[in-house]
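The primary structure of each chain is shown beneath.
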Amino acid sequence: MTEAYEKILLIDVGGTSIKAAIFSRDSKLQQEYKKLPNPSLGTPATLLKTKSELVKDFSYDMVAAGFAECVKNDIIKIVPDLRTDG
């Protein structure tokens, strides 16, 4: 990571909401978090639309995201809050 990355957008995709905040490289909160309801059992497109709405007012250099999943043999098998059938 170079010095150019000063504002890191952290996204947490949870079961009931999606949260986002800006942190510095040294883990200090730079901008208070925002959250929106998670489109329960939404499609990947629905999740991306919600994420885009959530972060539209943030300015950032890098993104880190986390979400609950089931991993088997280093492969994501199940994402509980995401439909894959359409």
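Described below are features of the structure shown in this document. As the structure is a computational prediction, the values presented were derived from the model and not from experiment. (Residues numbered from 1 in each chain as written. Predicted model: local features only at pLDDT ≥ 70, side-chain atom pairs only at ≥ 80, totals over all residues. Heavy atoms only, no water.)

### Focus: the side chain of Ser 17
Piece 1. Relative to the assigned elements, Ser 17 resides in strand β2 (residues 17-23).
Piece 2. Judged by relative accessible area, which is 8%, Ser 17 ranks as buried.
Piece 3. When residues no more than four places from it in sequence are discounted, the contact partners of Ser 17 are Asp 12, Lys 35, Leu 36, Pro 37 and Asn 38. (Helix = DSSP H or I, 4+ residues; strand = E, 2+ residues; numbered from the N terminus. Buried < 20%, exposed > 50% of the residue type's maximum accessible area, 1.4 Å probe, protein only. Contact = heavy atoms within 4.5 Å.)

### Quick notes on the nonpolar core
Piece 1. The biggest cluster of nonpolar side chains holds nine residues, and these are Leu 9, Ile 11, Val 13, Ile 18, Ala 20, Ile 22, Leu 54, Val 55 and Phe 58.
Piece 2. At the level of elements, β1 (8-13), β2 and α1 (44-55) are the ones that each hand at least two residues to this core.
Piece 3. In this structure Leu 54 touches Ile 18, Lys 19, Ala 20, Lys 34, Lys 35 and Leu 36, once residues within four positions along its chain are discounted. (Core = buried A, V, L, I, M, F, W, Y, C linked by side-chain atoms within 4.5 Å.)

### Comments concerning α1
Piece 1. The end-to-end C-alpha distance of α1 is 17 Å, a good match for the 16 Å that twelve residues give at a rise of 1.5 Å each.
Piece 2. Buried residues along α1 sit in contact with β1, β2 and β3 (29-37). (Expected span 1.5 Å × (residues − 1).)

### Quick notes on the sheet that holds strand β4 (residues 62-67)
Piece 1. The mixed open sheet is built from four strands, whose spatial order is β3-β2-β1-β4. Whereas interior strands pair on both sides, the edge strands pair on one side only; in this sheet they are β3 and β4. Across the sheet, the mean angle from the axis of one strand to that of its neighbour is 15°, orientation sign disregarded.
Piece 2. Bridge analysis of β2 against β3 gives six bridges, and the strand direction is antiparallel. When the sheet's bridge partners are listed, Ala 20 is paired in β3 with Lys 34. (Pairing = 2+ DSSP bridges. Axes fitted to C-alpha atoms, helices over the stretch in contact; angles between N-to-C directions.)

### As for the pattern of salt bridges
Piece 1. Here the structure, examined in full by the defined rule, presents four salt bridges.
Piece 2. The salt bridge partner of Lys 34 is Asp 57, with a shortest N-O separation of 3.3 Å. Linking Lys 34 in strand β3 with Asp 57 in the loop between α1 and β4, this pair joins segments that are 23 residues apart in sequence.
Piece 3. Accessibility expressed as a relative area gives 31% for Lys 34, which makes it partly exposed.
Piece 4. Notably, a salt bridge pairs Glu 53 with Lys 56, separated by 3.0 Å at the nearest N-O pair. (Salt bridge = Lys/Arg side-chain N within 4 Å of Asp/Glu carboxyl O.)

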